Amino acid sequence: MSYDLIVIGTGPGGYVCAIRAAQLGLKVAVVEKRKTHGGTCLNIGCIPSKALLHASELFNEAGHGFAAFGIEVPKPKLNLKQMMTHKQETVDANVNGVAFLFKKNKIESFTGTGTILGAGKVQVTADDGKTQVLETKNIVIATGSEVTPLPGVAIDEKQIVSSEGALELDKVPGKLVVIGAGVIGLELGSVWRRLGSEVHVVEYLDRVLPGTDAEVAKQFQRLMGKQGITFQLASKVTGAKASKKGVSLTVEPAAGGNAQTIEADVVLVAIGRRPFTENLGLEAAGVALERGRVVIDNHFASNVPGIYAIGDVVRGPMLAHKAEDEGIAVAEILAGKAGHVNYDCIPGVVYTWPEVATVGQSEEDLKAAGISYNVGKFPFTANGRARANRSTDGFVKVLADAATDKVLGVHILGAGAGEMIHEAVVLMEFGGSSEDLARSTHAHPTMSEAVKEAALAVDKRAIHT
Ligand code: FAD
Ligand code: NAI
């Protein structure tokens, strides 16, 4: 059997690519080594983490938030098993949805590890060792990423866990130490903090959420602190010993100095992810890698004709929606159309309470690039809907080019920021200005009015501050 396209890996990059290619009339097969489709994101990433973030937030609200609205409920009781059932049902519905879409689009699915034998040839090795070779005109590598290990801190997924184990704990740890104040550390740290753990975060840098606008990150850290999460910045973990009693961590200042010992019931290692290309046969096929990532050109093509790559396994942010859009773009290119991803307009969201949502450049990026800009800021404390919702933490920040007023970045810290950011994404996709945003009528009363006010503030004419 010969295909137009074989996609290896059915995470958000791979499955979306396969569906788009099939829509465009290509004969498509996918190869996935997991039992279910959806990759890291649907099985052990975005979706289960959001299921637990939502459930734990409701638990927290019932315990601490309802009373101020005049709702008196008994102290909520945690049923962790049911919360995990909710998480699993959410995952199942999503991964089954992908299998349904494959059938609907007549995409053939092979379960096993895909190895590229050369351009046009993919070997599938099933769990029982049986192999078969498939022929194809094109191959898209969408094999994603895996947890970056930390030397001296061996992950056992019970006491010393990665994000995978942190989504599966069968009881609330008394003390959770998180290594890495990035997205995973703060999202999953929030989950367990809300469910009752003492959460302490050890971070190598002198700030949280590296890459995020520093003012936003600083305010965010303050809010996380108010929720009881403690931070030890500019520190590195150099070793861990697990015993029946718990885990003993050795921590040193990042710049060197005296070591200290921290005890924990559970340790979450969340220091980043790295591209996954094990058993893919890239070396034999002659596919070039750079720092573990498949090297691609602007059309997602590797150095070997007929072999393409997308998602976490290539350059750029490791985000599901970036992988999906690359999947669509490469499918369109393979079908003779003009696929394209605008890397300047990829939003990033941290799904904590409140959320952090950003698109475009931070103030630090603009300073480093020597671009003159104007800033407009608006706090949620001055927004009527935020007051009604008792969600006044945070602010919106709009950065616009000083000469042209083109919006270069929007950063939102606040409840629902992950939904609000998209008007900025669309505005920036169309090359809009802060004046365009300021003149767009926003419904009242909405949290989104703060986005309009921040745009007005670029020209120092916000109404409500
Ligand atoms: P993946 O989703 O990693 O999929 C790759 C697939 O390829 C896997 O199913 C793997 O089994 C398969 N595979 C690998 N090698 C082979 C082979 N040789 N043969 C066959 N199959 C193979 N991103 C967001 O945008 N929003 C979020 O909220 C978010 N939350 C996250 C939470 C957590 C805890 C984690 C860990 C990640 C989160 N991410 C989030 C990141 C997101 O999961 C990734 O960016 C996304 O999954 C990348 O998609 P992908 O298709 O490139 O790869
Ligand atoms: P990350 O890159 O976001 O954060 C890792 C943190 O660990 C950084 O702050 C880094 O400075 C720190 N660090 C590195 N080495 C360290 C060490 N030895 N000791 C202490 N700190 C150390 O990586 P994270 O949180 O593991 O997430 C991986 C990726 O998954 C993210 O980059 C993101 O792309 C994706 N993701 C996205 C989510 C979302 O979009 N909401 C949610 C979760 C993950």
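Residues numbered from 1 in each chain as written. Chains lettered and ligands numbered in written order. Predicted model: local features only at pLDDT ≥ 70, side-chain atom pairs only at ≥ 80, totals over all residues. Heavy atoms only, no water.

Some remarks on the site of ligand 2
And step 1. Near ligand 2 there are 23 residues, and of these Glu-187, Glu-203, Gly-272, Met-318 and Val-349 occur at the shortest range.
And step 2. The contact in question runs from an oxygen atom of ligand 2 to an N or O atom on the backbone of Val-183, over 3.3 Å.
And step 3. A distance of 2.8 Å separates a nitrogen atom of ligand 2 from a polar side-chain atom of Glu-187.
And step 4. Calculation on ligand 2 without its partners gives an accessible area of 840 Å², and the protein chains cover 78% of this total.
And step 5. The dominant element in the shell around ligand 2, judged by the number of residues it contributes, is helix H6 (residues 183-194), at 4 residues. (Near = heavy atom within 4 Å. Polar contact = N/O pair within 3.5 Å; in protein donor to acceptor, adjacent residues only side chain to side chain. Areas by Shrake-Rupley, 256 points an atom, 1.4 Å probe, with all protein chains shown as cover. Helix = DSSP H or I, 4+ residues; strand = E, 2+ residues; numbered from the N terminus.)

A short note on the site of ligand 1
And step 1. With respect to spatial proximity, 38 residues lie near ligand 1, and among them Glu-32, Thr-40, Lys-50, Gly-114 and Ala-320 are the closest.
And step 2. Gly-13 has a polar backbone atom sitting 2.9 Å from an oxygen atom of ligand 1.
And step 3. Burial of ligand 1 by the surrounding chains reaches 95%, relative to a free accessible area of 1000 Å².
And step 4. Of all elements in the fold, only helix H1 (12-23), strand E2 (28-32), helix H2 (39-44), helix H3 (46-65), strand E4 (113-118) and helix H9 (320-334) reach the threshold of two or more residues within the shell around ligand 1.
And step 5. In terms of residues, the shell around ligand 1 owes the most to one element, H2, which gives 4 residues.
And step 6. When its residues are assigned to classes, the shell around ligand 1 shows 14 nonpolar, 18 polar and 6 charged. (Nonpolar A, V, L, I, M, F, W, Y, C, P; charged D, E, K, R; others polar.)

Notes on the pairing of strand E10 (residues 198-202)
And step 1. Of all the 5 residues making up E10, 4 are buried; the element is thus mostly covered by neighbouring parts of the structure.
And step 2. The pairing of strand E9 (residues 175-179) with E10 spans 5 bridges and is classified as parallel. Paired with Lys-175 across the strands is Glu-198, a residue of E10.
And step 3. Handedness of the E9-H6-E10 crossover: right-handed.
And step 4. The pairing of E10 with strand E11 (residues 230-232) spans 3 bridges and is parallel. In the strand pairing of E11, Val-201 is matched with Phe-231. (Buried < 20%, exposed > 50% of the residue type's maximum accessible area, 1.4 Å probe, protein only. Pairing = 2+ DSSP bridges. Right-handed = clockwise from strand over helix to strand, strands pointing away.)

Some thoughts on the sheet that holds strand E8 (residues 160-161)
And step 1. With parallel pairing, the 5 strands of this open sheet are ordered in space as E8-E15-E9-E10-E11. Strand pairing shows two members of the sheet lacking a second neighbour, E8 and E11, which therefore form its edges.
And step 2. Across the sheet, H6 touches E9, E10, E11 and strand E15 (266-269), and the angle it forms with E10 is around 165°. (Contact = heavy atoms within 4.5 Å. Axes fitted to C-alpha atoms, helices over the stretch in contact; angles between N-to-C directions.)

Details of the confidence of the model for the protein chain
Any region with low pLDDT has predicted coordinates that should not be read closely.
And step 1. For the protein chain, the average pLDDT comes to 98, and 100% of its residues sit at 70 or higher.
And step 2. For the protein chain, the element scoring lowest by mean pLDDT is helix H8 (residues 282-285), at 96; strand E23 (residues 395-401) scores highest, at 99.
And step 3. As a predicted assembly, this complex carries a pTM of 0.98 together with an ipTM value of 0.99. (pLDDT = per-residue confidence, 0-100.)

Describing the UniProt feature "binding site: NAD(+)" (unreviewed entry) in the protein chain
And step 1. As annotated in UniProt, the feature "binding site: NAD(+)" (unreviewed entry) corresponds to Gly-180, Ala-181, Gly-182, Val-183, Ile-184, Gly-185, Leu-186, Glu-187, Glu-203 and Gly-272 in the numbering used here.
And step 2. For Gly-182, the contacting residues outside a window of four places in its chain are Glu-203 and Leu-209.
And step 3. Relative to the elements of secondary structure, Leu-186 occurs in helix H6.
And step 4. For Leu-186, the contacting residues outside a window of four places in its chain are Ala-181, Val-201, Val-208, Leu-209, Phe-220, Phe-231 and Thr-352. (UniProt positions renumbered as here; feature names shortened; annotations may be inferred.)

Regarding the environment of Thr-358
And step 1. You can see Thr-358 is positioned in strand E21 (residues 355-360).
And step 2. Remark: the alpha-carbon pair of Thr-358 and Val-425, spanning 67 residues in sequence, is separated by 9.1 Å.
And step 3. Thr-358 has contacts with Thr-212, Ile-346, Pro-347, Gly-348, Val-410, His-411 and Ile-421, leaving out every residue within four places of it along the chain.

Looking at unusual backbone geometry
And step 1. Each neighbour pair has its own omega, and for Trp-353 with Pro-354 the value is -10°, a cis peptide bond.
And step 2. Counting through the fold element by element, Pro-354 comes out in the loop between strand E20 (348-350) and E21.
And step 3. Residue Pro-445 is bonded to the preceding His-444 through a cis peptide linkage, with omega at -5°.
And step 4. Tracing the backbone through its elements, the reader meets Pro-445 in the loop between helix H13 (434-439) and helix H14 (449-458).
And step 5. Notably, Glu-157 is not glycine yet its phi reads approximately 60°, a positive angle.
And step 6. Looking at the secondary structure, you find Glu-157 in the loop between strand E7 (145-147) and E8.
And step 7. Classification of Glu-157 by relative accessible area gives partly exposed; the value is 29%.
And step 8. Although it is not a glycine, Ala-234 sits at a positive phi angle of roughly 50°.

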